[in-house]
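# Structure at a glance
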Amino acid sequence: ADRGAGTRAHVLISGPSGAGKSLLARRICARAAMAVAPVQIDAEACDALPEGSGLWVIDAVDRLSASLQRALADRLDGAAPPRLIALLGGDRTEAARALYPPLRLHLETVPLHLPPLDGRREDIAALATHFARYFAARHGCPEPVLDEQDLAQLTAPRVARRARQRRSIARF
């Protein structure tokens, strides 16, 4: 993800709910060589594409209407297309079938798949540290130090399994 962040290549991030797709998209945006803030688009609530180019992050891209998918594919073929980071939930193969084929070709330039967070235990410590730092800065508190016992509790099977739930744990 970091190698492609500084390019203009489109990125398709797939994975189950709670795998951290939005966090990875934010990381790519933060490392992108673009002077503008990303435009966040919720496909389920989108009835028109934004004007201009820049960097667009489209959540649930497979849920864009067929007409918007065609319009987006046309825009990507234009002279000044936006750079897309598209998020795709659930089974990538199944969800990708819902995409307009020319759009799918654009989006699969850099395909990234995130397995469930429980299958990536090494990422949990990084997430916990990130959230602890984030909430400490947000609330003006000193950053807590996570010791081995804290991390062991966060990686235990009984702990919530999704990135958002671990975020909530780190917040408190």
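Just so you know, these numbers come straight off a predicted model, no measurement behind them.

Let us look at the sheet that holds strand 3 (residues 55-59). Taken together, 5 strands build an open sheet; the order of strands is 2-3-4-1-5 and the sheet is parallel. The open sheet has two edge strands with one neighbour each: strand 2 (39-42) and strand 5 (110-113). On average, adjacent strands in this sheet sit at an angle of 15 degrees to one another, irrespective of strand direction. Direction of pairing for strand 1 (residues 11-15) relative to strand 4 (residues 83-89): parallel, over a ladder of 5 bridges. Counterpart to Ile13 in the pairing with strand 4 is Leu87. Of the strands in this sheet, strand 1, strand 3, strand 4 and strand 5 are in contact with helix 2 (residues 21-31), which crosses strand 4 at around 170 degrees.

As a further point, take the environment of Leu151. Examined against the element boundaries, Leu151 turns out to sit in helix 7 (residues 148-155). Put simply, Leu151 and Thr129 are 22 residues apart on the chain and 9.4 Å apart in space, counted from C-alpha to C-alpha. Beyond its immediate chain neighbours, meaning those up to four positions away, Leu151 contacts Ala125, Ala128 and Leu146.

Right, let's talk about helix 3 (residues 66-76) for a bit. Along helix 3, the positions that sit buried rather than exposed are Leu68, Gln69, Leu72, Ala73 and Leu76. Down the axis, helix 3 shows its buried residues gathered within 140 degrees of arc, on one side only. Among the structural elements, strand 3, strand 4 and helix 5 (101-107) are those in contact with the buried residues of helix 3.

Attention now moves to the nonpolar core. By size, the foremost hydrophobic cluster in this structure holds 22 residues, and its most contacted members are Ile58, Val61, Leu64, Leu72, Leu84, Leu103 and Leu107. Looking at this core, the elements with two or more residues in it are strand 3, helix 3, strand 4, helix 4 (92-96) and helix 5. Look past the residues within four positions of Val61 in its chain and what remains in contact with it is Leu12, Ala43, Gln69, Ala86, Leu87, Leu88, Leu99 and Leu107. Ranked by size, the runner-up nonpolar core spans 14 residues in total, among them Ala5, Val11, Cys29 and Leu114.

The full count for this structure, using the stated rule, is 3 salt bridges. Glu44 is the salt-bridge partner of Arg63, the closest N and O atoms lying 3.2 Å from each other. Of this pair, Arg63 sits in the loop between strand 3 and helix 3 while Glu44 is found in the loop between strand 2 and strand 3, placing the two residues 19 residues apart along the sequence. Assigned by exposure class, Arg63 and Glu44 land together as exposed. Of the charged contacts, one joins Asp123 and Arg120 as a salt bridge, the two residues approaching to 2.7 Å between their closest N and O atoms. Of the residues examined, Asp123 reaches a relative accessible area of 27% and is grouped as partly exposed. On the basis of relative accessible area, Arg120 is assigned to the buried category, the value being 10%.

With that settled, consider the layout of surface pockets. Of the pockets and cavities examined, the largest pocket occupies roughly 490 Å³. At the level of secondary structure, the elements contributing two or more residues to the lining of the largest pocket comprise helix 2 and helix 6 (121-139). A total of 6 residues in the lining of the largest pocket trace back to one element, the largest contributor, which is helix 6. When its residues are assigned to classes, the lining of the largest pocket shows 8 nonpolar, 2 polar and 6 charged.

What counts and what doesn't
Residues numbered from 1 in each chain as written. Predicted model: local features only at pLDDT ≥ 70, side-chain atom pairs only at ≥ 80, totals over all residues. Heavy atoms only, no water. Pairing = 2+ DSSP bridges. Helix = DSSP H or I, 4+ residues; strand = E, 2+ residues; numbered from the N terminus. Axes fitted to C-alpha atoms, helices over the stretch in contact; angles between N-to-C directions. Contact = heavy atoms within 4.5 Å. Buried < 20%, exposed > 50% of the residue type's maximum accessible area, 1.4 Å probe, protein only. Arc of directions from axis to C-beta. Core = buried A, V, L, I, M, F, W, Y, C linked by side-chain atoms within 4.5 Å. Salt bridge = Lys/Arg side-chain N within 4 Å of Asp/Glu carboxyl O. 1 Å grid on protein atoms, 1.4 Å probe; cavity = no way out; pocket = protein on both sides within 12 Å on 5 of 7 lines; lining within 4 Å. Points joined across faces, edges and corners; volume = space filled by probe spheres on them. Nonpolar A, V, L, I, M, F, W, Y, C, P; charged D, E, K, R; others polar.

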